[in-house]
Amino acid sequence: LNLPAGNLVVVTHSDTSPTHHTDTSTYRLWKTATRLPFGSRLFSAAVSLKAPYFRTAYPHVVELRPGRCVVRGPGWWGNRNHIGTFHVIAACNLAEMAMGMLAEATVPATHRWIPVGMNVRYPAKSTGGMTVTAEWTELPDFASITTGQDVEVPLRFVDDAGVEPITGSITIRVSPRKKR
């Protein structure tokens, strides 16, 4: 598997208009993997090998497309805190994976990205596992990003009871890739 190194996008792509999206290498890998039995699990394991800390929350990418990624984490004891709810840092780990895969599936090769901040609040207790969705309702106009620009990635956290125990977003800095 040839996943991009670190948090930088290393994909080839010719059209950066906001209305047209050419598949990134990560998104092509997702489409190929999910045609196989247990393909989404294989894809999730490959991402976790490339970024080992993700493994701690047992993430499962269940949906990926440009502008959207859904990651699920089980309600196992390793994701729980001392009061038995889903640990917020485990949830943030799932959120960072969702944001990263969204960015990898969306940001064109002409640009790179790196996370620069996370904002979370936890207004309610959770039950069971956690599903985190990172989604842009409208794709950024990457062609208009000519210097580093912060772009917010909204997150939705939903537990097995349908409660939204955490609210938040991750900010990524998107900038043009340096010409070689």
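Summarised in this report is the structure supplied together with it. (Residues numbered from 1 in each chain as written. Predicted model: local features only at pLDDT ≥ 70, side-chain atom pairs only at ≥ 80, totals over all residues. Heavy atoms only, no water.)

1. Section: the overall build of the protein chain
We count it as follows: We count a stretch as a helix when DSSP gives it H or I for four or more residues in a row; a strand needs E for two or more, and each element gets its number in order from the N terminus. Buried, partly exposed and exposed residues are distinguished by accessible area as a fraction of the type maximum, computed with a 1.4 Å probe on protein chains only: under 20%, between the cut-offs, and over 50%, respectively. In what follows, a contact means two residues having at least one pair of non-hydrogen atoms within 4.5 Å.
Broken down by element type, the protein chain carries three helices and six strands. Element order for the protein chain, N to C, with α for helix and β for strand: α-α-β-β-α-β-β-β-β. Residues classed as buried in the protein chain amount to 46% of the 180 residues present. Of the contacts made within the protein chain by residues no fewer than 6 positions apart, 67% connect residues no fewer than 24 positions apart.

2. Quick notes on the pattern of salt bridges
Here is the rule: Salt bridge criterion: a side-chain nitrogen from Lys or Arg within 4 Å of a carboxyl oxygen from Asp or Glu.
All told, the structure shown has eight salt bridges when counted by the stated rule. A salt bridge links R65 to E63, with the shortest nitrogen-to-oxygen separation between them at 3.6 Å. Taking relative accessible area as the criterion, R65 reaches 35% and is therefore assigned partly exposed. Among the residues examined, E63 registers a relative accessible area of 26% and is labelled partly exposed. In the salt-bridge network here, residues are joined through shared partners; they are E63, R65, R68 and E135.

3. Things to note about helix α3 (residues 88–106)
The test is simple: Given the number of residues in a helix, its expected span is that number minus one, multiplied by 1.5 Å.
Taking 1.5 Å of rise per residue, the 19 residues of α3 would be expected to cover 27 Å, and the 26 Å separating its terminal C-alpha atoms lies within 8% of that figure. Within α3, 17 of the 19 residues are buried, which leaves it mostly tucked inside the rest of the structure.

4. Overview of the nonpolar core
The test is simple: Only buried Ala, Val, Leu, Ile, Met, Phe, Trp, Tyr and Cys residues count toward a nonpolar core, and they belong to the same one when joined by side-chain atoms within 4.5 Å.
Counting residues in each nonpolar core, the largest one holds 41 residues, and the members touching the most others are V61, L64 and I172. Among the elements that make up this core, the one with the highest residue count is α3 (13 residues).

5. Here's the deal with the packing of aromatic side chains
Note the cut-off: A pair of Phe, Tyr and Trp rings is counted when the ring centres sit within 6.5 Å of each other, with Trp represented by its six-membered ring. The angle between the planes then sorts it: under 30 degrees is stacked, over 60 is edge-to-face, the rest tilted.
Tallying each qualifying case throughout the model produces four aromatic pairs. With centroids separated by 5.2 Å and ring planes inclined at 80°, the aromatic side chains of W30 and F43 adopt a geometry described as edge-to-face. Pair noted here: W30 is in helix α1 (residues 25–33) and F43 is in helix α2 (residues 39–50), with a separation of 13 residues, a long-range link. Given a relative accessible area of 2%, F43 falls into the buried group. Grouping aromatic residues by their ring pairs yields a cluster made of Y58, W76 and W77.

6. Re α1
To keep it simple, the criterion reads: Here the arc refers to the set of directions running from the helix axis out to each C-beta atom.
When α1 is considered as a whole, its buried residues turn out to be T26, Y27, W30 and A33. Angularly, the buried residues of α1 cover 125° about the axis, an arc narrow enough to put them on a single face.

7. Quick notes on a nonpolar patch on the surface
What counts here: Patches draw on residues past 30% relative accessible area with no salt bridge. Two like charges within 9 Å are joined, as are two nonpolar side chains (Val, Leu, Ile, Met, Phe, Trp, Tyr) within 5 Å. Per-residue accessibility takes into account occlusion by the displayed protein chains alone, with areas from the Shrake-Rupley method and a 1.4 Å probe.
A cluster of nonpolar side chains, namely L36, F38 and L42, defines an oily patch on the protein surface of about 360 Å² accessible area. Along the chain, L42 turns up in helix α2.

8. Side note on the environment of T171
One can find T171 in strand β6 (residues 167–176). What T171 contacts, discounting residues up to four positions off in sequence, is I114, P115, V116, G117, D150, V151 and E152.

9. Some remarks on the packing of α1 against α2
To keep things clear, this is the line we draw: With axes taken as lines fitted to C-alpha atoms, and helix axes fitted only over the stretch in contact, angles between N-to-C directions fall between 0 and 180 degrees. Any angle from 65 to 115 degrees is called roughly perpendicular, while one under 35 is roughly parallel, one over 145 is roughly antiparallel, and all others are oblique. Basically, the charged four are Asp, Glu, Lys and Arg, the nonpolar ten are Ala, Val, Leu, Ile, Met, Phe, Trp, Tyr, Cys and Pro, and anything else, Gly included, counts as polar.
Two elements in contact, α1 and α2, have axes separated by 8 Å at closest approach and are oriented at 140°. By the criterion of interaxial angle, the relationship of α1 to α2 is oblique. Residues T26, L29, W30 and A33 of α1 touch α2, and the partners they reach there are G39, S40 and F43. Considered class by class, the residues forming the contact of α1 with α2 number four nonpolar, three polar and no charged.

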